[in-house]
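What follows is each chain in one-letter form.
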Amino acid sequence: MRALRYHGAGRLAIDEVREPSPKPGEAIVRVVSCGICGTDLAIRAGNLKRVKPPVTLGHESVGYVEALGVDGDLKTGQIVAVEPLRWCGSCGPCQDGNVHLCVQLTLLGVDADGGFAPFVSVPVEKLHGVPPGTPIERIAMAEPCAVSLRATYRSGLRPHGSIAIIGGGPIGALAALIARDVFHAKQVFVVEQHRFRADILRGMGFRVLAGVEAVEAIRSETSWGVDVALDCVGTTESLALAMEATKSAGTVTLIGLHDPTISFPLQGLVLRELRFVGTRIYSSRQFSEAVALLASGRIDTSPLITKRVPLELAVDDAFNALARGEDLMKVVVRC
Ligand SMILES: [Zn+2]
Ligand SMILES: [Zn+2]
């Protein structure tokens, strides 16, 4: 079969590789689509030093159960989303129940062969099924949706509360959908400069703001700021904006990791008693919840998938297009 593999900094290729066969406790998934995320671009750029080439990338895969190496509830032909996390179960964070913070955490599609291929081998407990007849593209964004779901929980957003989301890429857009359609937030603001993405979000009914007017508009349309802000960018500027948009005693949740080190307006934290919360990936339960929300149609991600590229063309038409900053939101590879 053909697979999109990482061969070291700057080098991706479509290679001929052996099809996986099911090991005990695992299933073979026939991949229908696999989304491209910022992490894939960071790996390709050589910025994730732990990744050992050659490896098949892709950690946002959905497909059908093709073969099972174990008896259980799953059936061949069932539609599934693949949860890519693997943890050790014995380190401190794992023992505390925070398996997503495992000191040896690995991801399918980063540390082991993933979903940019027609078939992938996955431990059965990492497969999340949906009811028969569910249109498979509904769950194509399950993995990033789980990230945004955890971030929204971590933010402490309450029903009928207000939220400002800094950065309207896929993670921010999914958080906006979750805030409105799951948490029933009264006010959802998205701050996004990129015209193409801003237009998509406006089309989905969100209040989209840009630049310096954003803080002023948010303050005037709320009681001096939102209850919670979610920084999906992670720069000095985006954090300052998130803090200024948040009311005193509100919460700023950090998810974006654009710059490893940023400067930080300390006085805003102390004098206005802001709370800061970090959020990372998701728990298995939250992954399941994200899959169920998408499968039921409560969250409609269809406006966010703006390009579908066949595997053979994924390097040029998907990875290079994203790296060039073309007008794109979520790009999925059809395997
Ligand atoms: Zn990702
Ligand atoms: Zn662990």
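Here, the structure is the one placed above.
Thresholds applied
Residues numbered from 1 in each chain as written. Chains lettered and ligands numbered in written order. Predicted model: local features only at pLDDT ≥ 70, side-chain atom pairs only at ≥ 80, totals over all residues. Heavy atoms only, no water. Axes fitted to C-alpha atoms, helices over the stretch in contact; angles between N-to-C directions. Helix = DSSP H or I, 4+ residues; strand = E, 2+ residues; numbered from the N terminus. Parallel < 35°, antiparallel > 145°, perpendicular 65-115°, else oblique. Left-handed = near helix turned anticlockwise from the far one by under 90°. Contact = heavy atoms within 4.5 Å. Nonpolar A, V, L, I, M, F, W, Y, C, P; charged D, E, K, R; others polar. Buried < 20%, exposed > 50% of the residue type's maximum accessible area, 1.4 Å probe, protein only.

> With reference to specific residues and values, describe the packing of helix H3 (residues 142-155) against helix H9 (residues 284-296).
Working note: a packed helix pair is described by the angle between its axes plus the distance between those axes. Between H3 and H9, the least distance of the axes is 8 Å, while the angle of their chain directions is 110°. Between H3 and H9, the angle falls in the class roughly perpendicular. The handedness of the crossing between H3 and H9 comes out as right-handed. Residues Ala142, Glu143, Cys145, Ala146, Leu149, Arg150 and Tyr153 of H3 pack against Gln286, Phe287, Glu289, Ala290, Val291, Leu293 and Leu294 of H9. Residue classes in the contact of H3 with H9 are distributed as ten nonpolar, one polar and three charged.

> Report on unusual backbone geometry, specifying residues and quantitative values.
Following Pro53, the chain continues into Pro54 via a peptide bond in cis, with omega recorded as -5°. Its place among the elements puts Pro54 in the loop between helix H1 (38-44) and strand S4 (55-56). A positive phi is found at Trp224, a non-glycine position, where the angle reads about 60°. For Trp224, the location among the structural elements is in the loop between helix H6 (213-221) and strand S14 (226-231). Even without a glycine there, the phi angle at Ala249 is positive, about 70°. Tracing the sequence through the fold places Ala249 in strand S15 (residues 246-254). With a relative accessible area of 37%, Ala249 lands in the partly exposed category.

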